[in-house]
Amino acid sequence: MRIAYLDCFAGIAGDMFLGALIDAGVPPQVLRDATAALGVGASLKIEKVDRCGISCTKVNVLEGDHLAEQSQPSYTHQAETQHQHKTGHARDHAHADADAPAPAHDPAHTHVHERSLTAIRTLIQGAALTEPVKLTAIRTFDLLGETEARIHNVAVDDIHFHEVGAIDAIVDIVAASAGIHHLNVGAWYCSAVNTGGGTVACAHGTFPVPAPATADLLRGCPTYSAHVQQELVTPTGAALLRVLDPVFGPQPAMRVEQIGYGAGTRNSKSFPNVVRLSIGEVAEPDEIPGESQSGAYQTVTVLETALDDLSPQVIAHVAEAALALDALDVMLTPVIMKKGRPGTLLTVLCKPSDAGALERLILSESSTLGLRIRQDRRSCLDRRHATVSTPYGEIRIKIGSLAGETLNAAPEFEDCRAAAAKHHVAVKQVQQAAIAAYLQQFPPSEGRS
């Protein structure tokens, strides 16, 4: 199976991701055609640049004959922006030349033409793009809008994107979506993400890196701060990561065929401001000791204890708390214990790195005096998500595959439940519509290849 691995040791931004796609073999015309399809008068400038002695690809978005002034959309509610515009600045505020002085903020430039999330969806939906590309691009913008709505505690429809930033961000996101689908990889993987450090000036004050929108988008992703006191991850880069829904961790066993380096605007002399994209085939099981048919065996820690003197309410609480601490799974099994007492076998599966916190949780919250702890191996299908459109809205489909063959596809239950509640229909009706949409978009002959 063809897979891709992103190494975000210097963070990620929209322009960096576009550069990595091209450098790894996506034809530039794929991205140019997607940009032209939007009909917003934008184009791409693609060039080779040097970052700490490494040859990389740099992508700039042009409006007419001029370079767009910033890459990230600024988000407004009641005439306030989270990220200030920096007029005359390099296009990527998070990856600009660290030695260049920041230009003065120009209020007259900040609050001009705006696009709502609905308008952006309409623009993308009306473009001459394939349906999967449209869905990926719209989902990315939805994530950006939902993030800002949470931060400002307003309805998502009240969030507007400034036109200057939005055109640039729309191009980044739509072109990236076209590149993603052109690669046609079976699964995405990603390293932990370096967010950088220091502080960033926002319209609401100075915040620590990552900025609020980026921090919200990176919930659940492994992140760290190292090497530089600068902002390394932009909201667009974080939103693209969320849409890819990669498996985070070390590079999986693979035969790398193509490597691409995408450059940001900042050009530090000692820290390469690039994201690396590796593309190749999953290594065959017989090439690596300890491999299973579905890829690598994963080591998990199992914590287990039997309880016969604890309230069912507390047991349920412990199970919920374990999941909140990132347990991979929690099982409650009825058992008969000594003296014929009915009890509950509590079994928690987790990553070895999370075992300590979960052990403490069980010992402190339950009535047990001890735990059984062991290491097990598990074999998992490769997992990814696709989004389909139904009469009840967009629903994510969780897909499990083995050696490139799709074996399982199921709608995400929470998406179906929310859509059913919104439209006042049965959950099973939404599930059936989602499966029908999936089979129409990915017929068995295509979805199983």
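The structure under discussion appears in the preceding block.
Residues numbered from 1 in each chain as written. Predicted model: local features only at pLDDT ≥ 70, side-chain atom pairs only at ≥ 80, totals over all residues. Heavy atoms only, no water.

**Student:** What exactly am I supposed to notice about the nonpolar core here?
**Tutor:** Side chains that are nonpolar tend, in soluble globular proteins, to be buried together. Within the largest apolar cluster, 61 residues are counted, with the highest numbers of intra-cluster contacts made by L6, F17, F141, W188 and L277. Apart from residues lying up to four places away in sequence, L6 is in contact with I12, F17, W188, Y189, C190, S191, L241, L244, V275, R276 and L277. Residues V318, A321, L346 and L358 belong to the second largest nonpolar core, which totals 17 residues. (Core = buried A, V, L, I, M, F, W, Y, C linked by side-chain atoms within 4.5 Å. Buried < 20%, exposed > 50% of the residue type's maximum accessible area, 1.4 Å probe, protein only. Contact = heavy atoms within 4.5 Å.)

**Student:** What exactly am I supposed to notice about the packing of aromatic side chains here?
**Tutor:** Pairs of aromatic rings are described using the distance from one ring centre to the other and the angle between the two planes. If you walk through the whole model with that rule in mind, you get 2 aromatic pairs. A centroid spacing of 6.2 Å and a plane angle of 50° characterise the contact between F17 and W188, whose relative ring orientation is tilted. Taken together, the positions of F17 in helix α1 (residues 14-23) and W188 in strand β8 (residues 187-190) put the pair 171 residues apart, joining distant regions of the chain. Residue F17 shares its accessibility class with W188, and that shared class is buried. An angle of 40° between the planes, with centres 5.4 Å apart, marks the rings of Y438 and F442 as tilted. We classify Y438 as buried; its relative accessible area is 5%. (Phe/Tyr/Trp six-rings, centres within 6.5 Å; stacked < 30°, edge-to-face > 60°. Helix = DSSP H or I, 4+ residues; strand = E, 2+ residues; numbered from the N terminus.)

**Student:** For this particular structure, what's the right way to read the pattern of salt bridges?
**Tutor:** Side chains that carry opposite charge are capable of pairing whenever their charged atoms lie near each other. One pass over the full model with this rule turns up 15 salt bridges. One salt bridge in this structure joins E257 and R2, with 3.6 Å as the shortest N-O distance. With E257 in strand β14 (residues 254-263) and R2 in strand β1 (residues 2-7), this pair connects stretches of sequence that are 255 residues apart. On the basis of relative accessibility, which here comes to 47%, the residue E257 falls in the partly exposed class. (Salt bridge = Lys/Arg side-chain N within 4 Å of Asp/Glu carboxyl O.)

**Student:** Could you clarify how one ought to interpret the sheet that holds strand β23 (residues 393-402) in this entry?
**Tutor:** Strand pairing in a sheet relies on backbone hydrogen bonds. The paired strands run either parallel or antiparallel. Ordered by their spatial adjacency, 3 strands build an open sheet running β22-β23-β24, and the pairing between neighbours is antiparallel. Two strands in the sheet have a free side with no partner beyond their single neighbour: β22 (382-390) and β24 (405-411). In this sheet, adjacent strand axes meet at a mean angle of 30° when their direction is disregarded. The pairing of β23 with β24 spans 6 bridges and is antiparallel. Pairing of L402 across the sheet is with E405, part of β24. (Pairing = 2+ DSSP bridges. Axes fitted to C-alpha atoms, helices over the stretch in contact; angles between N-to-C directions.)

**Student:** Can you walk me through the pairing of β23 in this structure?
**Tutor:** Remember that side chains alternate between the two faces of the sheet whenever the strand is regular. Pairing geometry for β22 and β23, over 9 bridges, is antiparallel. Within β23, the residue paired with T390 across the bridge is G393. The loop that links β23 with its antiparallel partner β24 comprises 2 residues; one of these, A403, has a positive phi angle of about 55°.

**Student:** Explain the environment of V200 to me, please; I cannot follow it from the model alone.
**Tutor:** For V200, the position within the fold is in strand β10 (residues 199-202). Note on V200: relative accessible area 8%, which makes it buried. As for V200 and Q230, which are separated by 30 residues in sequence, their C-alpha atoms are 8.1 Å apart. Residues contacting V200, with those up to four places away along its chain left out, are G205, T206, F207, V209, A211 and E231.

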